[in-house]
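For reference, the chains in residue letters:
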Amino acid sequence: MSNAVKDVGERLTAFLPNLRRFAISLCGSRDVADDLVQAACERALASAERFEPGTRFDAWMFRILRNLWIDQVRRQKTAGVQDDISERHDIPGVSGEREAEARLTLKTVAEAIGDLPDEQREVLLLVCVEELSYREAADVLDIPIGTVMSRLARARKALAEAAGITSTTARSRVMKGVNE
């Protein structure tokens, strides 16, 4: 085993939770996400020699995973309809008012995130969940940093509206830094 493969393997082990979380957010299914993460790990290990030491490992892995997801979506367009487990109402869950309220809130937020256009959802998850900088997210998505900022702003606004969060007071000119 080469040193590059060993190094990438060690980093992968520590990074799996982040990679899985991003995969779930892209595809919405834990089973599909697990398959996607496995494929991304296989690809990373097979191309370990291409990873440049000193660069962001997480950004490299997110890009591999995202490219695999895009390929899978393209293939699914010709595969036909598949059942979604979230549509199954006969699966028992945890009882209790508190748990039900928490699940409802989580479902509302997840649906709002799911309703975002792909471009906005990807930026939101990379910046807000995976804590990549705007520059790093721009590099992963291969877009300008200004596009990252505008997509993130639109995503945040859409989520606030979906959650019923509205600004009751308009920002004054002083707050905006405009002198009258």
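Please read these numbers as outputs of a predicted model, since none were measured by experiment. (Residues numbered from 1 in each chain as written. Predicted model: local features only at pLDDT ≥ 70, side-chain atom pairs only at ≥ 80, totals over all residues. Heavy atoms only, no water.)

Bringing the packing of aromatic side chains into the picture now. Centre distance and the angle of the planes are the two values used to describe a pair of aromatic rings. On inspection of all chains with the given rule, the structure shows six aromatic pairs. Relative to Trp60, the ring of Phe57 lies with its centre 5.9 Å away and its plane at 50°, an arrangement referred to as tilted. Taken together, the residues span about one helical turn, with Phe57 and Trp60 both in helix α3 (residues 57-79) at a distance of three residues. Of the two residues, Phe57 and Trp60, both sit in the buried class. (Phe/Tyr/Trp six-rings, centres within 6.5 Å; stacked < 30°, edge-to-face > 60°. Helix = DSSP H or I, 4+ residues; strand = E, 2+ residues; numbered from the N terminus. Buried < 20%, exposed > 50% of the residue type's maximum accessible area, 1.4 Å probe, protein only.)

Turning our eyes to something else, we now look at unusual backbone geometry. If you check the backbone angles, Glu131 has positive phi at about 60° while not being a glycine. When its relative accessible area of 66% is taken as the criterion, Glu131 is described as exposed. In this structure, Asp142 takes a positive phi of about 60° despite not being glycine. Topologically, Asp142 is positioned in the loop between α6 (134-141) and α7 (145-162). Here Asp142 falls in the exposed class, since its relative accessible area comes to 64%.

Tracing the backbone shows Asp58 in helix α3. Residue classification places Asp58 among the buried residues on the basis of a relative accessible area of 13%. Within polar-contact distance, the side chain of Asp58 engages the side chain of Arg56 at 2.3 Å. In contact with Asp58, not counting residues within four places along its chain, are Phe15 and Leu132. (Polar contact = N/O pair within 3.5 Å; in protein donor to acceptor, adjacent residues only side chain to side chain. Contact = heavy atoms within 4.5 Å.)

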